[in-house]
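# Chain and residue survey
Okay, here's what each chain looks like letter by letter:
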Amino acid sequence: LNSVVIAGAGHAGVQVALSLRQEGFAGRIALVNDEPWLPYQRPPLSKAYLLGKIDATAMQFRPAAFYAEQRIDLVADRGAAIDRQNRRLLLASGAALDYDHLVLATGAHNRPLNVPGAALAGVYGVKTRADAEALAPLLATARRVVVIGAGFIGLEFAAVAAAAGAAVEVLELGERPMARAVSPQMSELFRAAHASWGVNFRFRTAVSEIEGDNGKAVAVRAADGERLPADLVVYGIGVIPNVALALEAGLSIDNGIRVDANLLTSDPHISALGDVASFPCLQNGERLTRLESVQNAVDQGRLIAARLTGKPAPYTALPWFWTDQGNLKLQIAGLSTGADNHVVLGNPATQQVSVLCFRGEQLLAVESCGRIGDHMAARKILARPPALTPAVAAAPGFDLKAWEA
Ligand code: FAD
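A brief look at the structure comes next. A quick note: this is a predicted structure, and the numbers were derived from the prediction, not measured.

Definitions and cut-offs
Residues numbered from 1 in each chain as written. Predicted model: local features only at pLDDT ≥ 70, side-chain atom pairs only at ≥ 80, totals over all residues. Heavy atoms only, no water. Near = heavy atom within 4 Å. Polar contact = N/O pair within 3.5 Å; in protein donor to acceptor, adjacent residues only side chain to side chain. Helix = DSSP H or I, 4+ residues; strand = E, 2+ residues; numbered from the N terminus. Nonpolar A, V, L, I, M, F, W, Y, C, P; charged D, E, K, R; others polar. Domains from an automatic or database assignment. Axes fitted to C-alpha atoms, helices over the stretch in contact; angles between N-to-C directions. Left-handed = near helix turned anticlockwise from the far one by under 90°. Contact = heavy atoms within 4.5 Å.

### Examining the site of the ligand
Residues in close proximity to the ligand total 31 residues, the closest being Ala12, Asp34, Glu35, Lys47 and Asp275. Between the ligand and the protein, one listed contact pairs an oxygen atom with a backbone N or O atom of Ala105 at 3.5 Å. Measuring from an oxygen atom of the ligand, one finds a backbone N or O atom of Ser293 at 3.0 Å. Elements with a minimum of two residues in the shell around the ligand: α1 (11-22), α5 (152-163), α8 (294-308) and β22 (320-325). Residues that form the shell around the ligand fall into these classes: 12 nonpolar, 10 polar and 9 charged. Taken domain by domain, the shell around the ligand gets at least three of its residues from each of domain 1 (3-109 + 239-308) and domain 2 (123-232).

So, in structure tokens, the structure goes:
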């Protein structure tokens, strides 16, 4: 193997490049970056960077000199097509990169808001550094903010906007915050916390239109007819994987680029990972699963680099995730899909709680708010054969850290 080409320089693509060098790969690495900056991390975009707590340099993975030292060619371009027969990635500029192995790390884009007025000025998603740079100065002046979608990103932004002094309304189709990802108990803790910060929720509420004046958003119209004045509208209603390159090249697609347990696509010379990849997930009953998290991008990047340097292994890493909202940090270990039984440790009134999510007798996931020790213990417990049962966890005085030790 002499040449690895990586399309996409986000968390996943950068990790593949770094890990290849760490594993001793001496060949050529080309990392195709279609954004106008050095590769950077996205989590601060809706948190510390928006709050002005860190600057853009602090979001970068590495300084420019690092890539040169490591002989990682940052190619400022965009993958336009894959010539699988000749093993060549064609670039938007007209240039091309020959590969022995191609890695698709193209991530995902925001699901667009498909309502009239979505293209008005003052309506934003939060996906790129460009989005955050456009949004940050508006926070200083926005008085009325409407957030569409009570998922992680919508709520992180809602907390930032409330801290900046705006009146914040969150519209959500579902019945509770973060419903796809967390237990009802944890949703309630965060709903109450947001309410205490002045965030107002409307659940079971669809958006029918964004009203504009002179090309700028001035209000959000809910499907029930209610009109919510807004000088800033931010939406976070999920993402769509960037599969165009793979699709046009005839690779298997299934809610993302379909890969096997080794993260290989249907072409043995092409791997895919991160937000764009749909993989058989051990913690989800081997069902094809697409995860949007730093952990997933990093662990999958390491696995691909190890395989390309002669140490193949199936991907089995435990999924984990975090979100920061206001003064609260929520950490999740495992996947709670299918949970039917919850054991709560700690007192929700203190905002320091762990929710253990079981399906029958099997522990699936642990959600910890303000209990970092529990989160670390949960990651260890979930990574080995399941033994913690609901009966043991529900006993008075049960301590997750002590049980793990
Ligand atoms: P990305 O980081 O999206 O990178 C993909 C890159 O590929 C992009 O630069 C894209 O422009 C580029 N690209 C696309 N098509 C092409 C092409 N044809 N050619 C070349 N390049 C291309 N995760 C957590 O675990 N915790 C958090 O708190 C958290 N907060 C987040 C906050 C925000 C605002 C966002 C947007 C995400 C957050 N995430 C968080 C998710 C995490 O950032 C993603 O899961 C992670 O970035 C995925 O990495 P990736 O490399 O697969 O995709």
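Text resumes after the structure shown.
### A few points about the packing of α1 against α8
The interhelical angle for the contact between α1 and α8, taken along N-to-C directions, is 35°, at an axis separation of 8 Å. The handedness of the crossing between α1 and α8 comes out as right-handed. Of the residues in α8, those touching α1 at His11, Ala12, Gln15, Val16, Ser19 and Leu20 are Val294, Ala297, Val298, Gly301, Arg302, Ile304, Ala305 and Leu308. When the residues that make up the contact of α1 with α8 are grouped by side-chain class, the tally is 9 nonpolar, 4 polar and 1 charged.

### Observations concerning the environment of Ile29
Looking at the element boundaries, Ile29 is found in strand β2 (residues 28-33). Separated by 296 residues in sequence, Ile29 and Gln325 place their C-alpha atoms 37 Å apart. Look past the residues within four positions of Ile29 in its chain and what remains in contact with it is Val4, Ile6, Ala17, Leu20, Arg21, Arg71, Ile72 and Asp73.

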